[in-house]
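# Commentary on secondary and tertiary structure
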Amino acid sequence: MTRYIFITGGVVSSLGKGLGSAALGALLQARGYTVRLCKLDPYLNVDPGTMSPFQHGEVYVTDDGAETDLDLGHYERFTGRPATQTDNTTTGRIYTSVLSRERKGDYLGATIQVIPHITDEIKAFVREKDGSADFVLCEIGGTVGDIESLPFLEAIRQFSNEVGTTRSIFIHVTLLPYIPAAGELKTKPTQHSVKELMSVGIRPNILLCRADREIADEERRKIGLFCNIPFERVIPALDVKSIYEVPLTYHGEGLDTEVLRCFDMDATKTPDLSVWTDIVDRIKNPETRVRVAIVGKYTNLTDSYKSLNEALVHGGIANRVAVDLKFIEAETFETDGHIHALEDVHAILVPGGFGQRGTEGKIKAVQFARERKIPYFGICFGMQMAVIEATRNLLGLKGASSTEFGACEIPVVGLMTEWVKGNATVERSANVDLGGTMRLGAYPAALKKGSLVESIYGSSLISERHRHRYEVNADFVPKLETKGLSFSGLSPDGRLPEIVEIPDHPWFIGVQYHPELKSKPFDAHPLFVSFIKAAIAQSRLV
Ligand code: GLN
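What comes next concerns the included structure.

### A word on the sheet that holds strand 11 (residues 234-238)
Spatial strand order, 5-2-6-1-7-10-11: seven strands in an open sheet with parallel pairing. Only two strands of the sheet have a single neighbouring strand rather than two, namely strand 5 (88-90) and strand 11. Within the sheet, the average angular offset between the axes of one strand and its neighbour, ignoring direction, is 20°. Where strand 10 (residues 206-211) and strand 11 come together, five bridges link them in parallel fashion. When the bridges of strand 11 are listed, Arg-210 appears paired with Ala-237. The strands touched by helix 1 (residues 17-30) are strand 1 (3-9), strand 2 (35-41), strand 6 (135-140) and strand 7 (168-175); relative to strand 6, the strand with the most contacts, the crossing angle is about 175°. Sitting on the sheet, helix 7 (residues 188-199) touches strand 1, strand 7 and strand 10, and the angle it makes with strand 7 is about 145°.

What follows is the structure, encoded as structure tokens:
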């Protein structure tokens, strides 16, 4: 029997609902249960694929090619369960599906309304998970009280009423702000937020109270009294240094125990949390530190590189080192003087990106890493920049660029119009819609025998997630290989360059895919483990 846990948020956004949900998932797993996490997003975009990373943070891509919310990345990193297309939906997607059915005549004779048609569609999204796990954790994006969230709250209220309180509970995440003048944490916003939730018919079973300092019992009791919640279910969720401490601290405050008690389930056994204790120990007691430069363009919103930041942390955990990230705006390299910012780093990474701004700076960063023999990791756009750099500076073809920035003299990176997915060929033309039409999701690559990547992966066939529109033009491969580059990973049909490396360099790898999406704290991606190892070696040289 599947049980449902709905997670809502109140008071303000960015309370870490996604992280809390993911951590609860990990705690239930540690007690031997299977979990599935999903997210309902109240915005009107069909998916976040077309949103600016500045607006929404990273777009997380699943194996089955969905462009989803970054919280799905947390879910996967904490539970190890690969997220899928059906784990995230939005108001836009719900309406699109209802409206296309209306046009087909599926509702002939009816007036289409938010209740029941939209709410039914939302409930169907939740219900189709039935039987897929012991617990389905369903996070509602946004903040209670927003106009956009109402249909979702109404839908989960109805859903809970249908399956009953023995199979569904509500957890509400709130904030207790500290007011310095009063010298205390304030409970009123939480009381109001719960009141708001009650006004739509939802009574939370558990409150997860975020605060930047200890919550006194007196305050917990007060919240319990005003919100009709037993004291032990008013759970303090205090700030921690590393997100990987969250499962342990929430367990310490009784979150998983109370969840099981809400369902009348046995909560007496102690969960095995040794994986998390080990991770936290490695984070808190590193043997040394390394500094990695991330040369990008969304550097003032580090959420845009969420999975990447985490994958680097995972590489650090595996090597028991602390990884300090130095974010550098690529544009600052375009005036020569600034490249010195790379002098003190032990490794350089150019991440995924879109559009021309900052590209000349990224190319300079690649050249610096290649010539100075500093470990270099190019991810997606970062691989494309590495190939453009080599074409310009090693082949002497100064007009080399990507057609992403308009027509160019030497299109070493260009638009491919078809590729093979499974047994079928996917075709794409230059003027299709921009939403959902990139090369998305898991694709295999064959690795060259004896290459660095083959030894890192310990395999000659890999599968990694993609999200890009442009490809390295395979026509340039033989010429670039005469200059010391090695295209050590190709699509199995040999048409698309997937990986480039420089054998005569301590560590220089560019990949057309996003390895960071599959990295976990307890199972770091091998490329990140190896990259951080190379950074450690570099740190010993300087
Ligand atoms: N802008 C490039 C492309 O579309 C790279 C995309 C990326 O880095 N994810 O191919």
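Still more ground to cover, so stick around.
### With respect to the packing of helix 13 (residues 359-372) against helix 14 (residues 381-393)
Orientation of helix 13 relative to helix 14, taken along the N-to-C sense of each, is 70°, at an axis distance of 9 Å. Taken together, the axes of helix 13 and helix 14 lie roughly perpendicular to each other. Contacts between helix 13 and helix 14 pair Thr-359, Glu-360, Lys-362, Ile-363, Val-366, Gln-367 and Arg-370 from the former with Phe-381, Met-385, Ala-386, Ile-388, Glu-389, Arg-392 and Asn-393 from the latter. The residue makeup of the contact of helix 13 with helix 14, split by class, is six nonpolar, three polar and five charged.

### Section: the site of the ligand
The environment of the ligand is made up of Gly-352, Gly-353, Phe-354, Cys-380, Phe-381, Gln-384, Glu-404, Arg-467, His-468, Arg-469, Tyr-470 and His-514. In this structure, Gln-384 approaches the ligand through a side-chain N or O atom, which is 3.1 Å from an oxygen atom. Across the complex, the protein chains shield 99% of the 290 Å² of accessible surface that the ligand would expose by itself. If you list the elements that add at least two residues to the shell around the ligand, you get helix 14 and strand 21 (461-468).

### Here's the deal with the packing of helix 1 against helix 10 (residues 255-262)
Contact pair helix 1 / helix 10: the axes reach a minimum separation of 10 Å and the direction vectors enclose 75°. Considered as vectors, helix 1 and helix 10 are oriented roughly perpendicular to each other. Side by side, helix 1 and helix 10 meet where Leu-24, Leu-27 and Leu-28 of the first sit next to Leu-255, Asp-256, Val-259 and Leu-260 of the second. Residues belonging to the contact of helix 1 with helix 10 are distributed by class as follows: six nonpolar, no polar and one charged.

Conventions we followed
Residues numbered from 1 in each chain as written. Predicted model: local features only at pLDDT ≥ 70, side-chain atom pairs only at ≥ 80, totals over all residues. Heavy atoms only, no water. Pairing = 2+ DSSP bridges. Helix = DSSP H or I, 4+ residues; strand = E, 2+ residues; numbered from the N terminus. Axes fitted to C-alpha atoms, helices over the stretch in contact; angles between N-to-C directions. Contact = heavy atoms within 4.5 Å. Parallel < 35°, antiparallel > 145°, perpendicular 65-115°, else oblique. Nonpolar A, V, L, I, M, F, W, Y, C, P; charged D, E, K, R; others polar. Near = heavy atom within 4 Å. Polar contact = N/O pair within 3.5 Å; in protein donor to acceptor, adjacent residues only side chain to side chain. Areas by Shrake-Rupley, 256 points an atom, 1.4 Å probe, with all protein chains shown as cover.

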